[in-house]
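Chain by chain, the residues run as shown.
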Amino acid sequence: GAVVSQHPSWVICKSGTSVKIECRSLDFQATTMFWYRQFPKQSLMLMATSNEGSKATYEQGVEKDKFLINHASLTLSTLTVTSAHPEDSSFYICSARGPGQGSNQPQHFGDGTRLSIL
Amino acid sequence: DAKTTQPTSMDCAEGRAANLPCNHSTISGNEYVYWYRQIHSQGPQYIIHGLKNNETNEMASLIITEDRKSSTLILPHATLRDTAVYYCIVRVAKGNTPLVFGKGTRLSVIA
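Reading the values: the criteria
Residues numbered from 1 in each chain as written. Chains lettered and ligands numbered in written order. Predicted model: local features only at pLDDT ≥ 70, side-chain atom pairs only at ≥ 80, totals over all residues. Heavy atoms only, no water. Helix = DSSP H or I, 4+ residues; strand = E, 2+ residues; numbered from the N terminus. Rg over C-alpha atoms; globule rule 2.2 N^0.38 Å. Buried < 20%, exposed > 50% of the residue type's maximum accessible area, 1.4 Å probe, protein only. Contact = heavy atoms within 4.5 Å. Lys, Arg positive; Asp, Glu negative; His and termini not counted. Charge placed at Lys NZ, Arg CZ, Asp CG, Glu CD. Patch = residues over 30% accessible without salt bridge, like charges linked within 9 Å, V, L, I, M, F, W, Y side chains within 5 Å. Areas by Shrake-Rupley, 256 points an atom, 1.4 Å probe, with all protein chains shown as cover. Salt bridge = Lys/Arg side-chain N within 4 Å of Asp/Glu carboxyl O. Disulfide = S-S within 2.5 Å.

Peer 1: Help me get a handle on the overall build of chain B, residues and values and all.
Peer 2: A count of helices and strands for chain B gives 0 helices and 9 strands. Starting at the N terminus and ending at the C terminus, chain B contains elements arranged as β-β-β-β-β-β-β-β-β. Taken against the 2.2 N^0.38 rule, which gives 13 Å for 111 residues, the C-alpha radius of gyration of chain B at 13 Å falls within 12% of a compact globule. Seen along its three principal axes, the alpha-carbon backbone of chain B occupies a region of about 40 × 30 × 25 Å. Residue burial in chain B is summarised as follows: out of 111 residues, 45% are buried. Across chain B, every contact between residues at least 6 apart in sequence was considered, and the portion connecting residues at least 24 apart equals 56%. Side-chain charges in chain B split into 11 positive and 9 negative, and the spacing between the mean points of these groups amounts to 5 Å.

Set out below in structure tokens:
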């Protein structure tokens, strides 16, 4: 089946540093990828929609200058958390729809990146 | 906002069928019903989806009522590995509309 790979699986870093998370579709091309965030004991919250070759679309309340998204190819999207602070600590999950172009194709998810800011 | 209502939690005995209900009374004609599950500390896993007909795959069966206002996910023989949070999501099959997650049902399979 379709596989979405996310790297790294977990990150621990100091407050003020920037962290980049990669999301790859391994066996299909994805013109659109989605980034979600999940806090403990809560559901997934959509952060942004990443579009290959164009600017990402951010959900209300998500700072685009804080969470930089780059979708440079059909198989790779990156999320950079800039100047991360403890409140940015969360579980970040990417997703891509495919394979195939059908609009009812399911989204497939990566295994997530657990980010801990000290 | 999520357009579905699911019970907060359910228990199921190992080896028995797990029937997870979902209400989506405001579903539109072009919206599909998707089911995902999330095992602790992992990304959501796709299970099954359907529009109006019942669907079955190697993981589960999806039963959608004739009026499409509710559905049931059936795991025919639950195992301990099926313990997870199960999400029922309705999504319009148009463009790149993303999935919007509700709170889901926490299924505990008990030995």
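Once the structure has been displayed, the description carries forward.
Peer 1: Hey, could you go over a nonpolar patch on the surface for me, with residue numbers and the actual values?
Peer 2: Nonpolar side chains collect at one region of the surface, where A:Trp10, A:Ile12 and A:Leu118 lie side by side and expose about 400 Å² of accessible area between them. Structurally, A:Leu118 is set in the segment after strand E11 (113-117).

Peer 1: Give a description of the pattern of salt bridges that names residues and reports values.
Peer 2: Throughout the structure, instances matching the rule amount to 4 salt bridges over all chains. Between A:Arg24 and A:Glu22 there is a salt bridge, with its nearest N and O atoms 3.5 Å apart. Judged by its relative accessible area of 34%, A:Arg24 falls in the partly exposed class. Accessibility expressed as a relative area gives 25% for A:Glu22, which makes it partly exposed. One salt bridge connects B:Asp82 with B:Arg37, and the closest N-O pair in it is separated by 2.7 Å. A residue pair is termed long-range when its members are at least 10 positions apart, and B:Asp82 in the loop between strand E7 (70-75) and strand E8 (84-92) and B:Arg37 in strand E3 (residues 31-38) qualify at 45 residues. By relative accessible area, which is 12% here, B:Asp82 ends up buried.

Peer 1: Got a sec to walk through the state of the cysteines? Specific residues and values, please.
Peer 2: Counted under the stated rule, the structure contains 2 disulfides over all chains. Here A:Cys23 connects covalently by a disulfide to A:Cys94, the sulfurs 2.0 Å from one another. One disulfide, between A:Cys23 and A:Cys94, carries an S-S torsion of 80° and so falls in the right-handed class. Separated by 71 residues along the polypeptide, A:Cys23 in strand E3 (residues 19-25) and A:Cys94 in strand E9 (residues 90-97) bring together distant segments of the chain. Side by side, A:Cys23 and A:Cys94 carry an identical accessibility label, which is buried. Paired through a disulfide, B:Cys22 and B:Cys88 show a sulfur-sulfur distance of 2.1 Å. The sign of the S-S torsion, about -80°, decides the handedness of the disulfide formed by B:Cys22 and B:Cys88: left-handed. Here B:Cys88 lies in strand E8 and B:Cys22 lies in strand E2 (residues 18-23), a separation of 66 residues in the sequence. A single burial state applies to B:Cys22 and to B:Cys88, both of which are buried. Here A:Cys13 is not cross-linked by a disulfide; its sulfur's nearest cysteine counterpart is in A:Cys94, at 18 Å.

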